[in-house]
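# Fold and geometry: a report
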Amino acid sequence: HWPDHVMIKEVGPRDGLQNEKIEVPFEDKVAWINLLSEAGYSYIEISSFVHPKWIPQLKDARQVASSIERKPGVTYAALVPNRKGLEAAVDTDVDEVSIFMSASDTHNKKNINKSIEETFPVLEEVVKEAKLEGKSVRGYVSTAFGCPYEGDVATDQVTMVCERLFGMGVDEVSIGDTIGVANPMQVDQKLTEWKKSLPIDQLAMHFHNTRGMALANVLVSLQHNITTFDAALGGLGGCPYAKGASGNLATDDLVYMLHRMGIETGIDEQKLKEAGNFIQNVLNKTLPSHQMQVMNKE
Ligand code: HMG
Ligand code: MG
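Predicted model only: the values in this text are computed from it and were never measured. (Residues numbered from 1 in each chain as written. Chains lettered and ligands numbered in written order. Predicted model: local features only at pLDDT ≥ 70, side-chain atom pairs only at ≥ 80, totals over all residues.)

## Here's the deal with the site of ligand 1
Around ligand 1 sit 23 residues, and of these Val50, Gly85, Ser142, Gly176 and Thr178 come closest. Among the secondary structure elements, those contributing two or more residues to the shell around ligand 1 are helix H4 (83-91), helix H5 (105-112) and strand E5 (136-142). Classifying every residue of the shell around ligand 1 gives ten nonpolar, eleven polar and two charged. (Near = placed C-beta within 6 Å. Helix = DSSP H or I, 4+ residues; strand = E, 2+ residues; numbered from the N terminus. Nonpolar A, V, L, I, M, F, W, Y, C, P; charged D, E, K, R; others polar.)

Following this line, the structure appears as C-alpha cells:
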C-alpha cells in the first residue's frame, strides 16, 4: 500500500546552492525560483537568513525573497538560525521559517557555533516570535543517521531533539541524513522507534544521496506512511559544515519514481526539466541526478 499523494519540498535554492562553489547571480536565483513555482510545487525553500560569512552563497537572501513572484498556493520558506534571521524573514514576509539544529553536538557546534543545549533556548525564542508573527515553523534535525565527526548517532538522541522541537510548537520536523549514510534497514528500524513517540503526519524525511541510497530510503519511509520529502532539483546540495556531504535526493528522480508508481506530486515533469536545464546552464556543469544525465544524452 502506497500513498496517493506525496508532498515534495524543494530545497534546491537553499540546500542546493549553499554548497556550490560559484555564487549564482541574484537574478538567476529569482528566475530559477520563478520557474520552480511554475512547475507545480506547493513548497519551495528559497534561501537562508544566516551569517553571510558562514554561507556567502546565500548572502542575497533578502533580495531574493523580495524579488521572486509569489504564486498563490505555494509556500515560500527560508532557514533562520536565530532572532536576527527571523527578523529578516519577517521583513521580507516569507510564509514559513525553518529552524535547524543537529542531533550530534560536534556538527551542531561546527554549523551554528553552539552546543545542543545552548541551541534550544535560542530556537524556542525564534519559534515563539515566529508564531506571534503568524508564521508556521519547520524544524530540521540534522545528522540523524550519522555525524561526520562523531559517527553513529543514537536513535533516542534524535527522538529527544525532535520532541524538544515539537514541544516548542514547530509544525513539522524534517529528519535529515545530512551526509547520506542511511540505509533502508536503518530507516525502517529508526522510523519504527520514532513513530512510537513522534507524530508521523508531522514528520518529513530529508535524504542526501551521497551513497546512492536516497530513493531506497524514500521507499521504506513511504511504507511507514511518511508522505513529505525534501529534495533538490538535479541532485544539487550539501552542507558546507559537514565533511563529505553531497547532493540531496534529486527531485527529478523522485518525481520520476513516484509518478510511475501512480503517486501524485502536483509537479509537471516537462516544466521540471526546463527548470533543471536552466540551473544546469547557470552552474555550467552536468547535474548529478539520473534524469539530468538522461536528458543530456537525448
Ligand atoms: P556566531 O558567530 O556564533 O553568531 O554565528 P553571534 O550570535 O555570536 O553573532 C556574531 C555576528 O553575527 C554578529 O555581528 C551578529 O549580528 C551576526 P557583529 O555584531 O559581530 O557585527 N549574526 C548574523 N548576521 C546575519 N544573519 C544572522 C546572524 N546571526 C548573527 N542570522 C550563526 C552563529 C548561527 C549566525 C552562524 O553559525 C551561521 O550563520 N551558521 C549558518 C550555518 C548554515 O547555514 N549551515 C547550513 C544549513 S544547515 C544544513 O545544511 C542541514 C540541512 O540541510 C538538513 C540536513 O541536511 O541535515 C538543513
Ligand atoms: Mg541538507
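## A short note on the pairing of strand E3 (residues 75-79)
Within E3, four of the five residues are buried, leaving the element largely enclosed by the surrounding structure. Pairing of strand E2 (residues 43-48) with E3, which is carried by five bridges, proceeds in the parallel orientation. Considered in E3, the bridge of Ile44 is made with Tyr76. On the question of chirality, the crossover connecting E2 to the parallel E3 by way of helix H3 (residues 61-67) is right-handed. Handedness of the crossover is the feature at issue here: the chain leaves E3, passes through H4, returns alongside strand E4 (residues 96-102), and the resulting connection is right-handed. (Buried ≥ 20, exposed ≤ 12 C-beta atoms within 10 Å, placed from the backbone. Pairing = 2+ DSSP bridges. Right-handed = clockwise from strand over helix to strand, strands pointing away.)

## Details of the packing of helix H2 (residues 26-38) against helix H11 (residues 269-283)
Viewed as axis vectors pointing N to C, H2 and H11 meet at an angle of 165°, and their least axial separation amounts to 8 Å. The orientation of H2 relative to H11 falls into the category roughly antiparallel. As H2 runs across H11, the sense of the crossing is left-handed. On H11, the residues touching Asp28, Trp32, Leu35, Leu36 and Glu38 of H2 are Lys271, Glu274, Ala275, Phe278, Ile279 and Val282. Across the contact of H2 with H11, the residue classes tally to seven nonpolar, no polar and four charged. (Axes fitted to C-alpha atoms, helices over the stretch in contact; angles between N-to-C directions. Parallel < 35°, antiparallel > 145°, perpendicular 65-115°, else oblique. Left-handed = near helix turned anticlockwise from the far one by under 90°. Contact = placed C-beta atoms within 7 Å.)

In short, the description is geometric, and any link to function would need to be established separately.
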